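Residue-level listing of the chains:
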Amino acid sequence: MKKIILTLLIIFLIPIPLYALENLNIVTYADFHYIRDITSSINHVYFATTEGVIRYNKLEKKWEEPLTDDPSIEHRNIGQVYVDRFDKKLYGKTEDANYEYDINFEKWYEIGEIPKVDNDYKFIKPPPIMYVPAGYNYSADGFIIDRFGRNYQISAMIDDLSTSTWIGTWGFGAAMTQASTNFVEFLPYGLLQNRVQTIFNDNGQLLISGDVFNSSRTGITLFDPDYNDFEYIESGVDFDLPAVNIQSIESDKKNYYIGTETGLRIIDKDSRKIIKYYTERTGLIDNNIIALHRRGDSLFIGGEYGLQMIFLSTDSMKIIYPNQFLNSTIYDIKSTDTTLWIASAQGAFQLNFKTDALQRFKDPSTTIFSSANGLAVSRRYIFISSNNGMVRLNLKTGQIDSFLSVRSGYRPRPVAAYDDVAFLGTDNGFIMYYLTKKGLDNEREFTEFDGLPSSYIHELLLDGDFLWVGSNKGLTKFLWNDPYRVD
């Protein structure tokens, strides 16, 4: 009994950091291709990038999740990293402070001085000769030249004094060579660009893209969350897919359908090549495609000036209700068994597939006052977002529930939902609503203080227990169904 009492006293007297009380299980993926520093243990290699620290498992030969889940450190400012031989101590250095990474709590905390680290890897200069994959070139002054003629300088390089050399580049990410051969293997990881404005789930693989902004590499990132693997369809490297803003994505078994500000592109999945594109010259109402939705053989296209449909098997087009939607911006399109739902600058509409009748959605609470910005469909409900908040319509009974938001909205205002939980983007992060059949049970707002990289949320996608959040600073994975979180 004395031993038990003594143990309890010790436990209660040990100071527990506040951050240990609740780990929100948030991690952000971004453009990790600009590498500042490298450090290596026996088991791992750590790369300090301009968007945070990423970690490669040498023994299993695969990437692990990035160390970007802690709001107490500015990940973009980490310039140097140090790890000991056995991964017991990891340190990061910014311009203003030094930090130690707590492996148990997965958190960074500030320290005074970084102690001497027990490790024996060494930095080396790029050798005069390295052998790169076919289509690439290497110059003796330390540049890798890709198949499109773009140069990427080697920014850091270490010999782990085992069997491998680890390479960081400025713009092309990480690579490695076996010390005995000098053959370079590229290790792609992260997004092509930080601005995430569209996320599409293609049978478990996420297709991610957005505005070009000032990114040097642009296009579509293909991310497999189960294997933590990344592939890329780059834009701006040939005439067929220029470096333009990509605003929506759809797919079928053979093709990807890409809505851009300059028209619709169709990409063959196997070859990753453009096989067809549509513009105003080939029948589109306008080139600025904002929303795509495929249903069977029909591809619905929402743009800045209206709504139309392409019959994919016959390649014929049809403008949908030009009297209602012509010159009206279409923000989102979803469908249920019998109805096409349309979120537009004029409000929300439902189009019956059997009767072809169009009906405006009437919201008694006027939460959807003018513009409807986003749509989400669950098993029992459809959710419609606006600048004022969100409404939920029971597809069987017709009951309408309104959820006003004290936070202002903006275009876009994404919404994602299951029957009993919904998420609404705001100008300060997103709101999570716990729902019952009668209405709201509870709600909580998640912001940058909780680990989101940005307040400006452009896209939300539910994927089982995870919510994918697209912002101007990357793609964030949030475990919304966390039994240990306190809301």
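So, here's what we can say about the structure.

Here is what the cut-offs are and how they apply
- Residues numbered from 1 in each chain as written.
- Predicted model: local features only at pLDDT ≥ 70, side-chain atom pairs only at ≥ 80, totals over all residues.
- Heavy atoms only, no water.
- Helix = DSSP H or I, 4+ residues; strand = E, 2+ residues; numbered from the N terminus.
- Rg over C-alpha atoms; globule rule 2.2 N^0.38 Å.
- Buried < 20%, exposed > 50% of the residue type's maximum accessible area, 1.4 Å probe, protein only.
- Areas by Shrake-Rupley, 256 points an atom, 1.4 Å probe, with all protein chains shown as cover.
- Lys, Arg positive; Asp, Glu negative; His and termini not counted.
- Charge placed at Lys NZ, Arg CZ, Asp CG, Glu CD.
- Salt bridge = Lys/Arg side-chain N within 4 Å of Asp/Glu carboxyl O.
- Contact = heavy atoms within 4.5 Å.
- Pairing = 2+ DSSP bridges.
- Axes fitted to C-alpha atoms, helices over the stretch in contact; angles between N-to-C directions.
- Core = buried A, V, L, I, M, F, W, Y, C linked by side-chain atoms within 4.5 Å.
- Polar contact = N/O pair within 3.5 Å; in protein donor to acceptor, adjacent residues only side chain to side chain.
- Phe/Tyr/Trp six-rings, centres within 6.5 Å; stacked < 30°, edge-to-face > 60°.
- Lys NZ or Arg CZ within 6 Å of the ring centre and 35° of its normal.

Let's talk about the overall build of the protein chain
The helix and strand tally for the protein chain stands at two helices and 43 strands. Relative to its length of 487 residues, the protein chain is compact, with a C-alpha radius of gyration of 25 Å against a globular reference of 23 Å. Scored against the burial criterion, the 487 residues of the protein chain give a buried share of 55%. In the form shown here, the protein chain has an accessible surface area of approximately 23,100 Å², with 51% of it arising from carbon and sulfur atoms. In the protein chain, 48 side chains carry a positive charge and 63 a negative one; their mean positions are 4 Å apart.

Points about the side chain of Glu459
Within the secondary structure, Glu459 is located in strand E41 (residues 457-463). No salt bridge forms around the buried Glu459; measuring N to O, its nearest opposite-charge neighbour Lys334 is 6.9 Å away. Beyond its immediate stretch of four places on either side in the chain, Glu459 contacts Gln197, Thr198, Ile199, Pro414, Trp468, Val469 and Gly470.

A word on the pattern of salt bridges
Throughout the structure, instances matching the rule amount to 22 salt bridges. Where Lys269 meets Asp202, a salt bridge forms, and the shortest distance between an N and an O atom there is 3.0 Å. Linking Lys269 in the loop between strand E23 (263-268) and strand E24 (274-278) with Asp202 in strand E17 (residues 198-202), this pair joins segments that are 67 residues apart in sequence. Classification of Lys269 by relative accessible area gives buried; the value is 16%. Judged by relative accessible area, which is 10%, Asp202 ranks as buried.

Quick word on the sheet that holds strand E7 (residues 90-93)
On the basis of which strands lie adjacent, the open sheet formed by four strands has the order E6-E7-E8-E9 and antiparallel pairing. The open sheet is flanked by strand E6 (80-83) and strand E9 (107-111), the only strands paired with a single partner. Strand-to-strand twist across the sheet, computed as the mean angle between neighbouring axes with direction ignored, equals 25 degrees. Of the strand pairs in this sheet, E6 and E7 are connected by four bridges, and their pairing is antiparallel. Within E7, the position partnered with Val81 by the bridge is Gly92.

Let's talk about the nonpolar core
Core analysis: the biggest nonpolar cluster contains 31 residues, and Phe47, Trp166 and Leu475 have the highest contact counts within it. Looking at this core, the elements with two or more residues in it are strand E1 (26-29), strand E2 (35-40), strand E3 (44-49), strand E4 (52-57), strand E13 (151-159), strand E15 (174-178), strand E18 (205-209) and strand E20 (229-235). Phe430, Met432, Ile457 and Trp480 belong to the second-largest nonpolar core, a separate cluster that totals 16 residues.

With respect to the side chain of Asp159
Relative to the assigned elements, Asp159 resides in strand E13. Look at Asp159: it is buried, it has no salt bridge, and the nearest opposite charge is Lys122 at 4.8 Å. A distance of 2.9 Å separates the side chain of Asp159 from the backbone nitrogen of Leu161, its partner in a polar contact. With residues up to four places along the chain from it excluded, the contact list for Asp159 reads Tyr121, Lys122, Ile124, Ser164 and Thr165.

As for the pairing of E3
For E3, the buried fraction is high: six of the six residues fall into the buried class. Residues His44, Tyr46 and Ala48 of E3 are buried on one face, and the alternating residues Val45, Phe47 and Thr49, pointing to the opposite face, are buried as well. With five bridges joining them, E2 and E3 adopt antiparallel strand pairing. Residue Ile35 lies in a different strand from E3, and its bridge partner there is Thr49. The turn linking E2 back onto E3 is made up of three residues. Bridge analysis of E3 against E4 gives six bridges, and the strand direction is antiparallel. Bridge assignment links His44 to a residue of E4, and that residue is Asn57. Where E3 folds back on E4, the antiparallel hairpin that results is connected by two residues.

Quick notes on the pairing of strand E14 (residues 164-169)
Taking burial as the measure, the six residues of E14 include six buried ones, the bulk of the element. Alternating residues of E14 divide into Ser164, Trp166 and Gly168 and Thr165, Ile167 and Thr169, and every residue in both groups is buried. With antiparallel pairing between neighbouring strands as the criterion, E13 and E14 make up a hairpin whose turn holds four residues, including Leu161 at a positive phi of roughly 60 degrees. By the bridge criterion, five bridges tie E14 to E15 in an arrangement that is antiparallel. The partner of Thr165 across the bridge, within E15, is Thr177. The antiparallel hairpin formed by E14 and E15 contains four residues in its connecting segment, where Gly171 sits at a positive phi of about 120 degrees.

Considering the packing of aromatic side chains
Any aromatic ring pair is given by two values, namely how distant the centres are and how the planes are angled relative to each other. One pass over the structure, following the stated rule, counts 29 aromatic pairs. Here the aromatic rings of Tyr29 and Trp468 are separated by 6.3 Å at their centres, their planes lie at 45 degrees, and the arrangement is tilted. Note that Tyr29 is positioned in strand E1 and Trp468 in strand E42 (residues 466-471), a separation of 439 residues in sequence. The pair Tyr29 / Trp468 is uniform in exposure class, with both members buried. Measuring from ring centre to ring centre gives 5.0 Å for Tyr189 and Phe230, while their planes differ by 75 degrees; the resulting arrangement is edge-to-face. Of this pair, Tyr189 sits in the loop between strand E16 (184-187) and E17 while Phe230 is found in strand E20, placing the two residues 41 residues apart along the sequence. Three or more aromatic residues joined by ring pairs form one cluster here, namely Tyr29, Phe32, Phe47, Tyr56, Trp63, Trp166, Tyr189, Phe223, Phe230 and Trp468. The residue whose ring lies beneath Arg195 is Phe213, and the NZ or CZ to ring-centre distance is 4.8 Å. Geometry around Tyr232 places Arg217 over its ring, the cationic atom sitting 5.6 Å from the centre.

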